[in-house]
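Structural overview
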Amino acid sequence: MKPDLVIGIDQSTTATKAIAFDKRGRIVAEGRAGVPLSNPKMGWFEQDVADWTGSVATALKQLTKKISRDRIAAVSISNQRESFAQFDAAGRALRPGTLWLDERAHVEVKEIAAEVGADRLHDISGIPNDVTPCRTRCRWFSKHEPKVWSRTVKTAEVHGVIAHFLTGEWKTSVSSASPMGLLDARTYDWSETIMAASKIRRDMLPALVPSGDVMGLVTADAAKRTGLKAGTPVVAGGGDGQCAGAGANTFLKGRAYLNLGTAAVSGSYGEDYAVDLSFRSLAAVGETGFSYETAIRTGTYLVTWLVERVFHQNPAKNPKILAELETEAKAVPIGSRGLVLLPYFSGIMTPYWDTDGRGIFAGLSGSHTRADLYRALMEGIALEQAMMTNRVAAVTSPIDHFAIVGGGSKSDLWCQIVADASGRDVKRLETPEASALGAAMAAAKGAGWYKTLPAAAAAMSGKPTKTFRPRTKEAKAYAELLSIYQELWPQVSGWNAKLQDFARRQG
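Residues numbered from 1 in each chain as written. Predicted model: local features only at pLDDT ≥ 70, side-chain atom pairs only at ≥ 80, totals over all residues. Heavy atoms only, no water.

**A closer look at unusual backbone geometry**
What counts is decided by this rule: A helix here means a DSSP run of H or I that spans at least four residues, while a strand means a run of E at least two residues long, and both kinds are numbered starting from the N terminus.
Cis geometry is adopted by the peptide bond preceding proline 351, which originates at threonine 350 and carries an omega value of -5 degrees. The residue proline 351 is located in the loop between β19 (340-342) and β20 (360-362) in this model. The phi angle at histidine 312 is positive, at roughly 55 degrees, despite the residue not being glycine. Of note, arginine 337 is a non-glycine position whose phi angle comes to about 55 degrees, a positive value. Within the element layout of this structure, arginine 337 appears in the loop between α12 (321-330) and β19.

**Details of the packing of helix α2 (residues 108-116) against helix α4 (residues 134-144)**
Defined as follows: Note on geometry: axes are C-alpha line fits, over the in-contact stretch for helices, and angles between N-to-C directions span 0 to 180 degrees. Here the word oblique covers every angle except those under 35 degrees (roughly parallel), over 145 (roughly antiparallel) and from 65 to 115 (roughly perpendicular). Should any heavy atoms of two residues lie within 4.5 Å, those residues are considered in contact. Residue classes follow a fixed rule: Ala, Val, Leu, Ile, Met, Phe, Trp, Tyr, Cys and Pro count as nonpolar, while Asp, Glu, Lys and Arg count as charged, and any other residue, Gly among them, counts as polar.
Between α2 and α4, the shortest axis-to-axis distance is 9 Å and the interhelical angle comes to 105 degrees. Judged by the angle between their axes, α2 and α4 are roughly perpendicular. Contacts between α2 and α4 involve Glu108, Val109, Glu111, Ile112 and Glu115 from the former and Arg135, Thr136, Arg139, Trp140, Lys143 and His144 from the latter. Residues belonging to the contact of α2 with α4 are distributed by class as follows: three nonpolar, two polar and six charged.

**Examining the sheet that holds strand β1 (residues 5-11)**
Under the convention used in this document: Strand pairing follows a simple DSSP-based rule, namely that at least 2 bridges must link the two strands.
Ordered by their spatial adjacency, six strands build an open sheet running β3-β2-β1-β5-β14-β13, and the pairing between neighbours is mixed. One side of each edge strand has no neighbouring strand; the edge strands of this open sheet are β3 (27-34) and β13 (214-217). Neighbour-to-neighbour, the strand axes of this sheet turn through a mean angle of 25 degrees, independent of strand direction. Relative to strand β14 (residues 233-239), β13 is paired through three bridges, and the arrangement is antiparallel. Of the residues in β14, the one forming a bridge with leucine 217 is proline 233.

**Describing helix α3 (residues 118-125)**
So the rule is basically this: Between buried and exposed lies partly exposed: a residue is buried under 20% and exposed over 50% of the maximum accessible area for its type, with that area taken using a 1.4 Å probe on protein chains only. The arc refers to the directions leading from the helix axis to the C-beta atoms.
All buried positions along α3 are accounted for by Leu121, His122, Ile124 and Ser125. Seen along its axis, α3 keeps its buried residues to an arc of 170 degrees; they face one direction. For α3, the secondary structure elements touched by its buried residues are α2, α4, β10 (183-184), α8 (192-198) and β17 (280-283). Residue glycine 126 follows α3 closely and has a positive phi angle near 85 degrees.

**Here we look at the sheet that holds strand β21 (residues 401-405)**
Ordered in space as β17-β18-β16-β15-β21-β22-β23, the seven strands form an open sheet in which the pairing is mixed. The sheet terminates laterally at β17 and β23 (464-468), the two strands that pair on one side only. Sheet twist, expressed as the mean angle between neighbouring strand axes with direction ignored, is 30 degrees. Its contacts with the sheet place helix α13 (residues 370-395) against β15 (255-260), β16 (264-270), β18 (290-296) and β21, and it is angled at close to 150 degrees to β18.

**What to know about the packing of aromatic side chains**
In plain terms, the rule: The pairing test for Phe, Tyr and Trp rings, Trp by its six-membered ring, is centres within 6.5 Å, and the orientation test on the planes gives stacked under 30 degrees, edge-to-face over 60, and tilted for anything in between. The criterion is that NZ of a Lys, or CZ of an Arg, lies within 6 Å of the ring centre and within 35 degrees of the ring normal, and then a charge sits over that ring.
Per the stated rule, a full pass over the model turns up 13 aromatic pairs. Ring geometry for tryptophan 140 against phenylalanine 141: centres 5.5 Å apart, planes inclined by 80 degrees, an arrangement best described as edge-to-face. The same class applies to tryptophan 140 and to phenylalanine 141, which are both buried. For the pair phenylalanine 141 and tryptophan 149, a centre-to-centre distance of 5.9 Å together with 25 degrees between the ring planes defines the contact as stacked. For the pair phenylalanine 141 and tryptophan 149, one class covers both residues: buried. A network of ring pairs unites the aromatic residues Trp44, Phe84, Trp140, Phe141 and Trp149 as a single cluster. The ring of tryptophan 44 carries arginine 104 above its face, with NZ or CZ at 3.8 Å from the centroid.

Here's what the structure looks like:
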């Protein structure tokens with residue numbers, strides 16, 4: 001039997017999916033396993049490495065029970081970014097992995113910037129000074145867990161961990177390594193300058209492999225645990241954001257993807273390296289080029305927070321609640337009756353890079369209802385995205401439409417608000433699993449199906465099922481609201497910093 005399928009493994013913060021795609025990018029079968037998350041201290045977020053690899057094994061086992069392993073031409077990986085773990089000489093995890101959500105290194109982020117220079121750090125890595133990249137926790141481990149750090153022979157992000165689990169080799173993709181903040185973005189190699197400031201050595205890191213190239217072959221042991229055929233090629237994929245860009249075919253002129261998932265992440269593609277505070281320049285899932293990426297750390301996470309913690313509704317017990325809220329919010333006028341949300345509930349990445357940033361509902365009155373709050377949430381994220389995308393387009397190249405994916409993309413109201421607020425078409429793609437599909441495209445290139453990743457994207461990317469176009473009257477109103485919205489954070493950021501400092505001193 002000639003192999004006619006490729007697998008995209010999507011290891012996200014809460015679950016691992018293994019999805020088999022055909023040559024046209026159509027889903028044939030999938031497996032899924034949950035990944036528990038631990039929050040042992042304020043600002044600390046961890047997961048056991050055994051849950052990363054175990055969920056991959058479970059998802060693949062489920063998948064290979066549905067399709068013949070002889071049909072699988074290659075496997076590739078999309079992964080939660082900036083989450084990494086430490087290993088000893090025998091490849092055993094020394095402690096739980098720390099996640100992209102982790103904020104423990106709030107002192108070290110300042111120390112690295114002081115040592116390297118904030119502007120130089122940004123210029124080298126493509127990532128402004130921020131607590132999220134792994135570089136800050138490397139320095140934290142060297143100070144606060146020196147025994148663990150001294151025993152660390154290898155430290156790898158999730159992509160490298162899964163690659164090692166499947167192939168026995170310490171390798172990772174350039175694309176997945178890029179968000180770690182340790183890479184020289186211009187050379188696609190580890191930066192000696194940043195490594196020195198982060199207290200990590202080159203030999204502690206995996207070897208770098210371009211997206212679409214084979215990293216190794218599935219070992220006999222991994223084959224037993226996953227159901228894959230021993231010798232199946234494992235191809236370098238990338239971070240989930242960059243994979244989503246490939247899956248949504250951002251190689252198309254004027255396109256940016258928008259993933260309305262747990263976080264709201266958007267990116268557009270370009271060949272030229274560009275640096276600006278309004279986005280991160282990350283190595284794309286492609287032979288060359290960059291993903292100009294914006295990120296709101298709380299996307300549909302805020303929906304869950306508002307519905308469960310404020311409205312005290314459980315969607316599992318009341319599955320109609322989200323539809324009810326959307327119907328109610330649709331009847332609320334633009335601007336949510338004078339209510340605005342700043343969606344900074346987990347700090348700010350683009351465009352302000354403020355770890356201490358926190359969310360705000362501004363304009364609340366006793367007359368506001370849950371419908372107003374729910375619409376303000378949708379509008380806040382849409383306005384934030386419009387502001388950032390306008391800046392990205394001004395620095396790089398024009399963006400005339402979004403290819404939208406993720407859980408939030410199922411909401412017609414939210415898609416229309418994004419279109420009206422941004423003044424851009426919003427195209428909902430027929431393939432919602434953009435990150436897994438981007439990894440599958442890399443696998444398809446590695447299997448020799450397509451010569452380049454753009455060619456794989458052209459053949460395999462999903463087609464729009466619905467397009468939301470900006471409406472003239474509504475777009476004009478949102479343009480006025482956007483100008484008001486953009487003034488808010490610069491005016492309250494200083495006050496917010498004082499409040500967070502006070503809160504820390506109170507313990």
